[in-house]
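Read off the chains here:
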Amino acid sequence: MTLWRLAWRNVWRHRRRTVLLILVVAYAAFATILYWGINDGYAASVLNAQARFVGAPVLIMTPDYRDDPDPEHALPDLALTAALREVPRVRGIAPRLEFPALIRSAYTAESAVARGIEPQREREVSAVPAHIVAGRMLQRPGELVLGRALAERLDVRLGERAVVDTAGPAGPRAAGLVLVGLVETGVSQVDERLVLVDLADARRLTGVDTATALALDVPRGEEEAAAAELRRFLPPVVAAYGPAEMLGAIRQDLESNRVAAIPIAFLFALVAAAAVTSTTTVSVIERTREFGMIAAVGLAPVRLARVVVLESVITTVLGWIVGLAAGYGAVGLLARINLLGAAFGGFVGAWSSVPLTREIYTAVRPAYALYASMTVFVGAVLAALIPARRVRRLRPAQAMRIE
Amino acid sequence: MVRTVWTLGILAALLASSAGAGAPAPDPQAVLRAIEDNHRGGSGRFTIALTVVRPGRQTEYVLDIWSDGEDRALAVVRAPARDAGQAFLRVGDNLWLYNPRLKRALRLPPSGRSESFLGSDISYSDLAGRDAEQDYTPRIAGTAEGVITLELRPKPGAPTPYGKLLVRAQAATYAPLEWTFYDQRDRAVKRVTFSDHTRVGARLFPTRTVVEDLLREGYRTTASLRDLRFGAVPETCFTLQALEQGCE
């Protein structure tokens, strides 16, 4: 108890040094929490964009279509729809008929994947209809909705006709459709490539009378679990896929990003630990004469070393608490306010292969406190042991002669 | 008095209609068909010298063409040497390309019809087909100085991105003179001019075609036909075997 009191007093006798140490530890904890919050938040933003804008929270399709998205691998029928409505997690169902197409204006042509939808049902499963920024949503066959950037590249304006060409199971077909709405979501894959047509037009163009997928809405965060649950329930000719499974190569990127984050986080911990250790070591060197005096009045070197360890423990724990508060405060703020989207929004267009909105939020998970404590623990152990070892070897008479 | 006015009015209307009956207005659809017939020239074989002009450069191609004058055409590139042997076959909406280096025939998507042929201002659709008759509703826009002008408006849902076509032809023969393509804002975007007509039976077939991109200065393609041999083309010319091995 005496040692604790001595350590506590020592800590506050050298306030500047203590504050510096607390700041170093706090910074390590803060940086760790922020790093993981941004990392996980980025992955969550990609998955959310995939689920709400690019694909759907859950997609039911044939495995053949999943492997080779050709309309000839469409669903055999849509009889499943009624049964799916009874599944508790399923909040909305919409059929989709997607097909490769060429969109032509009088000036240029762009390749795209056109999506045939039932306009009313699509609202149940996708955030896209809520992001019409000019004109209106599809209402009937003969109409077309495009991503704003795509429409700009084609130079097609509202009320003008664009031509949709395709070659489905019915052979080569084309239709002139009138542009009624423009979509802008901040997801480059949508804004630059989205082509929405009425399901009836999609069926007429492709000759497919069912759909290539059933899009399902499920509560946020339950997408993968719902897909897994549905897979057990569905007949073998079809399967359910969550957004992570529909990401393709990007999914591997996300996973490898997470794996790559671990050594980076470890490096963080090491640098933070080195900073704490060096600060503590320097402070011990500075206090050599002081330690010599204390040892001379009877405190054994082992106990003196314990005091140094306790000082380190007190400062690192205080730093850890400050770092946790600052870290969770920052990720909590960035989870509510779209500051990252504003900061990195300019890159979203450049990463056109990654479904990412201009809304990027951090994730907030309790595990970050554990990651931060691991960082701090490494720092604390090094900070305690190295200077303590020096103090244990201290010879009072020699120490007191040091200026 | 009122009755007198009515009677005069009816008389005037009758006179006007009887005057018109002496020179019935031509059926726009029939005029368009006649222009298309002249434009297509009927079935036959010919050689095209294709000059593609771009800002700062010019490329010359020589192609042999076999066409049934309708929806089928085979084109084989003879020059320049680097492109020689390439061949294109259109049968209705289907389009194939033969690459001699790969020794493979590839079926192009239907969108390929509207794509640029050999990087020129001519699309594959321009080589064969009667898209105008299928996609547009014609109206006689006027006749002046021996030239008849048809205005073509797209049919509802027609697969054309244009808002209007103005077709000018000789009023007496319906030999095509000029097609102007307009966007949907009434701005001319492409002009095709026909000249050097040659008589093929009852048809007046243009042997020189100039396609101008009106939105990009210096983009022009000239197609000059020579060695015209009209007459039936064997069915075997419109097969994948002919695409790979030619049709002689």
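Heads up: the structure comes first, above all this text.
Trainee: I tried to follow the overall build of chain A on my own but got confused; where do I start?
Mentor: Across its full length, chain A carries 15 helices and ten strands. Taking 22 Å as the expected radius of gyration for a compact globule of 403 residues, we find that chain A reaches 31 Å, considerably beyond that expectation. Dimensions of chain A, computed from the C-alpha atoms along their principal axes, are close to 100 × 45 × 25 Å. Taking all 403 residues of chain A together, 52% fall into the buried category. Considering only intrachain contacts with a sequence separation of at least 6, the fraction spanning at least 24 residues in chain A is 79%. Here chain A displays about 18400 Å² of accessible surface, and carbon together with sulfur accounts for 60% of that area.

Trainee: Just to check I follow, could you spell out the pattern of salt bridges for this structure?
Mentor: As a working rule, side chains carrying opposite charge can pair if their charged atoms are close by. Summed over all chains, the structure comprises 33 salt bridges over all chains. We note a salt bridge from Arg226 of chain B to Asp227 of chain B, for which the minimum N-O separation is 3.9 Å. Classification of Asp227 of chain B as partly exposed rests on a relative accessible area of 47%. Each of Arg52, Arg91, Asp217 and Glu223 of chain A takes part in salt bridges that share partners, so that together they form one network.

Trainee: Please clarify how the interface of chain B and chain A should be interpreted in this entry.
Mentor: The partner chain A presents 19 residues to the 20 residues of chain B that form the contact. Between chain B and chain A the total buried area reaches about 1600 Å² when both faces are included, carbon and sulfur atoms providing 54% of it. Across the chain B-chain A interface, the total number found is two salt bridges. Close ionic contact of Arg185 of chain B with Asp155 of chain A constitutes a salt bridge, the shortest N to O distance being 3.3 Å.

Trainee: How do you make sense of a positive patch on the surface when you look at a structure like this?
Mentor: Residue and element names in this part refer to chain A. Together, Arg303, Arg306, Arg389, Arg392 and Arg393 make up a region of like positive charge exposed at the surface. Of all the secondary-structure elements, those providing two or more residues to the positive patch are helix 12 (301-336) and helix 14 (367-392). Assignment of secondary structure puts Arg393 in the loop between helix 14 and helix 15 (396-400). The class for Arg393 is exposed, based on a relative accessible area of 59%.

Trainee: Could you clarify how one ought to interpret the nonpolar core in this entry?
Mentor: General note: in soluble globular proteins, nonpolar side chains tend to be found buried as a group. Formed by 39 residues in total, the largest nonpolar core has its most connected members in Leu50, Leu63, Leu118, Leu152 and Trp179 of chain B. When sequence neighbours within four positions are dropped, the list of residues in contact with Leu152 of chain B reads Leu32, Ala132, Tyr136, Thr137, Pro138, Lys164, Leu165, Val167 and Trp179 of chain B. One finds Phe99, Ala151, Leu154 and Leu199 of chain A within the second-largest nonpolar core, a separate group that totals 25 residues.

Trainee: Just checking my understanding: could you explain the side chain of Thr362 of chain A for this structure?
Mentor: All names here are of chain A. Within the element layout of this structure, Thr362 appears in the loop between helix 13 (339-348) and helix 14. From its side chain, Thr362 meets the backbone oxygen of Val331 in a polar contact 2.6 Å long. If we skip the residues at most four places from it in the chain, Thr362 touches Gly37, Ile38, Gly41, Val331, Leu334, Ala335 and Leu340.

Trainee: What should I look at first to understand helix 2 (residues 28-40) of chain B in this one?
Mentor: Given 3.6 residues to a turn, an α-helix orients residues that are three or four positions apart in the same direction. Over its 13 residues, helix 2 of chain B runs 18 Å from end to end, which matches the ideal 18 Å to within 8%, given 1.5 Å per residue. For helix 2 of chain B, every residue scored as buried is listed here: Val31, Leu32, Ile35, Glu36, Asp37, Asn38, His39 and Arg40 of chain B.

Definitions and cut-offs
Residues numbered from 1 in each chain as written. Chains lettered and ligands numbered in written order. Predicted model: local features only at pLDDT ≥ 70, side-chain atom pairs only at ≥ 80, totals over all residues. Heavy atoms only, no water. Helix = DSSP H or I, 4+ residues; strand = E, 2+ residues; numbered from the N terminus. Rg over C-alpha atoms; globule rule 2.2 N^0.38 Å. Buried < 20%, exposed > 50% of the residue type's maximum accessible area, 1.4 Å probe, protein only. Contact = heavy atoms within 4.5 Å. Areas by Shrake-Rupley, 256 points an atom, 1.4 Å probe, with all protein chains shown as cover. Salt bridge = Lys/Arg side-chain N within 4 Å of Asp/Glu carboxyl O. Buried area = accessible area lost by both parts, 1.4 Å probe. Patch = residues over 30% accessible without salt bridge, like charges linked within 9 Å, V, L, I, M, F, W, Y side chains within 5 Å. Lys, Arg positive; Asp, Glu negative; His and termini not counted. Charge placed at Lys NZ, Arg CZ, Asp CG, Glu CD. Core = buried A, V, L, I, M, F, W, Y, C linked by side-chain atoms within 4.5 Å. Polar contact = N/O pair within 3.5 Å; in protein donor to acceptor, adjacent residues only side chain to side chain. Expected span 1.5 Å × (residues − 1).

The values reported here are purely geometric and, on their own, carry no functional implication.
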